[in-house]
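Reading the structure
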Amino acid sequence: MENVSSPLRLGIVGAGHIGARHALHASRLPDTVVAAVADPHLEKADAIARPLGAVSYASADALLATEVDAVIVAVPTHLHRTLSEQALAAGKHVLCEKPLALTTEDCDALIEAAERANRTLAVGQVLRFFPEYEHARRRMESGAIGHPAAIRLRRAGRYPETPWFADESQSGGLLLDLLIHEFDFLRWCFGPVTRVFARTLSERRLPRLDYALVTVRHANGVLAHVEGVWGEPGGTHTAFEIAGDAGLLTHDSHLTETLRTATWREDGTGKVVFSAPLMPTDDPYYRQLAAFVDRIRRNEPPSVSAQDARQAVAIARAARESARTGQPVSPEGENV
Amino acid sequence: MIRIGLLSAAHLHIDSYAAQLRSLPQVALTGLWDDDAERRTRKAAEYGCPAFESVEAVLDRCDAVVICSENVHHPTLTAQAARAGRTILCEKPLATTPENARTMVDLCAEAGVSLYTAFPCRFSAAFQQLIKMVRHGDLGEILAVRGTNHGQCPFGWFVDPALSGGGAVMDHTVHVTDLLRVLLGSECASVFCEADSGLLHGDFDDTGFLTLNFENGVFATLDASWSRPKTFPTWGDVTLGVVGTKGFIELDMFRQQTMVYDDRRGTATYGGWGSDIDAGLIRAFIESVETGVPHSEIASGTDGLRAVEVVAAAYRSADTHRPEAVLRA
């Protein structure tokens, strides 16, 4: 790979919620500029681009024709493959949002496209940059709880507000969009997965609720239970516990909030808000981008490989298949 | 005066049952039998009741019995007590196989004796309020449940399958299964279970992740693992996360607790202060002995049997790696 420009010029494709978040953190990175933002809704691209002094475009093609070194693909999941392929073919390094694609076939096509273009394809499995998860993995690796054996993970959030998110054919649904975080974390910590069993409410197509309970067996014998919720009142909740043969490590986001703000409204009712801020350079999205840019500059493979992201997709697909058939399923490509 | 005999003190729950029995003015502990002479003498002294070397001697002097032996001895002791016409409260699991549990239920029915299974979680104030809310329709239609019954490994005979019938799945499947049957008013139709022994590396399962499919379409998972380490601040937990069309209820049965830091012992533990679930169970049991009428709130022998059938299906599934139908014994 030839050297990238200095400062490194970033383009962001997709000016939705996650594109805006990437723009904010990219603007804080040293020796990096957000040069361009593209979205079919030009006014949305403009709203992100203008404060950063970036140029806005109404199409990805127009952005890819400019002198950006790397592109963040932050579009709906069913468009990940097409846009990432275009970006790689245009010679750009790519950070594609999670999940990498809706199918393992699409993931494979992207991995090949990156090899062909000799460009970095990184995937936004951002959970690996969340300090509580990274901390847990580090403590575990250092032997704090002995050999891990029984794992529980929980992720709950509001029901998706944008239509494409709630549409399984575009986002992959609860298993592929939300629990992909947990599946990647499990694989990152405990290696390949041999068997997945899942029950979900997805097939019930309820108006404001989706729910999944997934049991995962790893090749090394570790067992894991994953709970996912779309539509829990009260905002995002994450929890995990890792039980080993010499101890137990637990986390619950309801117990780690550092600020509790209780205020009166005009009408006399009260409102309580919890928050848990981090310093800007510890923000998972900042750290993810910093790692992406750093690896490109050093000409090193990305910290979350597209192959890893593909296997997370394979586990999510296996869970979906299990929920559909009522039988356990072995994820494709996890032969060990 | 209600005279209660204790048949074996092998199961640690006997301490709490004995304490609850002794706290009731109309109850007298009239005898304790245990096949372990040392334990027999020690526990009898502790509970302030006479010790006997034969089961018959205890049965001769009581109206009802509490059986807290090793799991595999439940059937024999139940048969003896049933023949003597004594009302029975048997520790869970009712038996280690559905066939044995079925025999116990049938024997007691033939003898006209009430057989109850010690499922004290039914007497949790939080669970009873949950049931009330669910029946009132607060959650709409119930769709799914996430349950746990974690524990520290009790070791001793609990990890000797010849006496316990299994490991964590045998020990910890039945409580939450019983709660789910009460909550859903439906029977478990099939079970998928992943079990392993990665926590303690013994010849018994210490980890069990079950998925229960109920006849009414509700699915539930149950973590029956002995995954609380020795340094954990309490013995374990019973939790239910109930998902309905109108919302969610999280139950954490033993959360009413203080944190107790003890420098002299070098421990940091939870001190529970919630309503004692064993008190509710024992009061209901004594009431049934007093009135001679089967009690509707206590789990029956058949309830115990239904939970044992789920355990058997779970172990089959752990072997076949497929969902297994719950077979009725």
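Conventions used here
Residues numbered from 1 in each chain as written. Chains lettered and ligands numbered in written order. Predicted model: local features only at pLDDT ≥ 70, side-chain atom pairs only at ≥ 80, totals over all residues. Helix = DSSP H or I, 4+ residues; strand = E, 2+ residues; numbered from the N terminus. Rg over C-alpha atoms; globule rule 2.2 N^0.38 Å. Buried ≥ 20, exposed ≤ 12 C-beta atoms within 10 Å, placed from the backbone. Contact = placed C-beta atoms within 7 Å. Pairing = 2+ DSSP bridges. Axes fitted to C-alpha atoms, helices over the stretch in contact; angles between N-to-C directions. pLDDT = per-residue confidence, 0-100. Parallel < 35°, antiparallel > 145°, perpendicular 65-115°, else oblique. Nonpolar A, V, L, I, M, F, W, Y, C, P; charged D, E, K, R; others polar. Core = buried A, V, L, I, M, F, W, Y, C linked by C-beta atoms within 7 Å. Expected span 1.5 Å × (residues − 1). Arc of directions from axis to C-beta.

A tally of helices and strands in chain B yields 11 helices and 15 strands. Its C-alpha radius of gyration of 19 Å places chain B within 12% of the 20 Å reference for a compact globule of 329 residues. Its C-alpha atoms give chain B principal-axis dimensions of about 55 × 55 × 40 Å. Relative to its 329 residues, chain B shows a buried fraction of 52%. Partitioning the intrachain contacts of chain B with sequence separation of at least 6 by distance along the chain shows that 69% fall at a separation of at least 24.

Residues and elements named next belong to chain A. Taken together, six strands build an open sheet; the order of strands is 8-9-10-7-11-12 and the sheet is mixed. At either end of the open sheet lies a strand with only one pairing partner, and these are strand 8 (193–200) and strand 12 (247–252). On average, each strand axis in the sheet is tilted by 10 degrees relative to the strand beside it, whichever way the strands run. Of the pairings in the sheet, the one linking strand 8 to strand 9 (residues 210–218) comprises seven bridges and is antiparallel in character. Bridging across to strand 9, Val193 finds its partner in His218. The strands that helix 6 (residues 131–141) touches are strand 7 (148–157), strand 11 (237–244) and strand 12; relative to strand 12, the one it contacts most, it runs at about 175 degrees. Sheet strands touched by helix 10 (residues 180–190): strand 7, strand 8, strand 9 and strand 10 (223–230). Its angle to strand 7, the strand with the most contacts, is close to 160 degrees.

Turning our attention to the confidence of the model for chain B. Model confidence for chain B is summarised by a mean pLDDT of 97, while 100% of its residues fall at 70 or above. With pTM at 0.95, the complex prediction returns an ipTM value of 0.94.

Residues and elements named next belong to chain B. Two numbers describe how helix 5 (residues 98–111) lies on helix 11 (residues 301–320): the axes approach to 9 Å, and their chain directions differ by 170 degrees. For the element pair helix 5 / helix 11, the angle class is roughly antiparallel. Within the contact between the two elements, helix 5 uses Pro98, Ala101, Arg102, Met104, Val105 and Cys108 and helix 11 uses Gly301, Thr302, Gly304, Leu305, Val308, Glu309 and Ala312. Across the contact of helix 5 with helix 11, the residue classes tally to eight nonpolar, three polar and two charged.

Attention shifts here to the interface of chain B and chain A. Taken together, the contacts link 28 residues of chain B with 27 residues of chain A. Only strand 7 (142–148), strand 8 (188–196), strand 9 (207–214), strand 10 (219–223) and strand 12 (247–252) of chain B provide two or more residues apiece to the side of chain B that touches chain A. For the side of chain B that touches chain A, the per-class residue count stands at 12 nonpolar, 10 polar and six charged.

Before going further, it helps to examine the packing of helix 4 (residues 74–83) of chain B against helix 5 of chain B. Residue and element names in this part refer to chain B. In the contact formed by helix 4 and helix 5, the axes pass within 9 Å of each other and the chain directions differ by 5 degrees. By the criterion of interaxial angle, the relationship of helix 4 to helix 5 is roughly parallel. Contact residues: helix 4 offers His74, Pro75, Thr78, Ala79, Ala82 and Arg83, while helix 5 offers Asn100, Thr103, Met104, Leu107, Cys108 and Ala111. Class assignment of the residues belonging to the contact of helix 4 with helix 5 gives a composition of seven nonpolar, four polar and one charged.

So, on to the sheet that holds strand 4 (residues 64–67) of chain B. Spatial ordering of the open sheet is given by 3-2-1-4-5-6 (chain B), a layout of six strands whose pairing is parallel. Looking at which strands have only one partner, the edges of the open sheet turn out to be strand 3 (51–52) and strand 6 (115–118) of chain B.

The subject of this paragraph is the nonpolar core. Nonpolar side chains tend to gather and get buried jointly when the protein is soluble and globular. Formed by 205 residues in total, the largest nonpolar core has its most connected members in A:Val13 and A:Val37. Other than its neighbours up to four places away in sequence, A:Val13 contacts A:Ala38, A:Ala60, A:Leu63, A:Val71, A:Ile72, A:Val73, A:Ala74, A:Val75 and A:Leu83.

With that out of the way, let us pick up helix 5 (residues 104–117) of chain A. All names here are of chain A. In this model, helix 5 (14 residues) spans 20 Å end to end at C-alpha, consistent with the 20 Å of a helix rising 1.5 Å per residue. Where helix 5 is concerned, the buried positions are Asp106, Cys107, Leu110, Ala113 and Ala114. Along the axis of helix 5, the buried residues cluster in a sector spanning 120 degrees; they form a single face. Exposed side chains of helix 5 directed beyond 90 degrees from the buried face belong to Glu115 and Arg116. Looking at the buried residues of helix 5, the elements they touch are helix 4 (80–89), strand 6 (121–124) and helix 12 (306–325). Just downstream of helix 5 lies Asn118, where phi reads positive at about 55 degrees.

Residue and element names in this part refer to chain A. Looking at where Ala318 falls in the secondary structure, it is placed in helix 12. As a C-alpha pair, Ala318 and Leu175 span 143 residues in sequence and 9.7 Å in three-dimensional space. Each residue touching Ala318, except ones within four places of it in the same chain, is listed here: Val196, Val329, Ser330 and Pro331.

What follows covers unusual backbone geometry. For the peptide bond that leads from A:Ser6 to A:Pro7, omega is -5 degrees, which places it in the cis range. Among the structural elements, A:Pro7 can be located in the segment before strand 1 (8–13). Note that the residue after B:Lys92, namely B:Pro93, is joined by a cis bond; omega there is -15 degrees. Counting through the fold element by element, B:Pro93 comes out in the loop between strand 5 (87–91) and helix 5. Of note in this structure, B:Phe155 is not a glycine but carries a positive phi near 50 degrees. Even without being glycine, B:His321 reaches a positive phi, approximately 60 degrees.

Let us look at the environment of B:Ala312. Counting through the fold element by element, B:Ala312 comes out in helix 11. Among all residues touching B:Ala312, those that are not within four sequence positions of it are B:Thr97 and B:Pro98.

All names here are of chain B. With 14 residues, helix 5 should cover 20 Å at 1.5 Å per step; its first-to-last C-alpha distance of 20 Å lies within 8% of that length. The set of residues buried in helix 5 consists of Pro98, Asn100, Ala101, Arg102, Met104, Val105 and Cys108. On its buried face, helix 5 is in contact with helix 4, strand 5, strand 6 and helix 11. Remark: Gly112 follows helix 5 within two positions and exhibits a positive phi of approximately 70 degrees.

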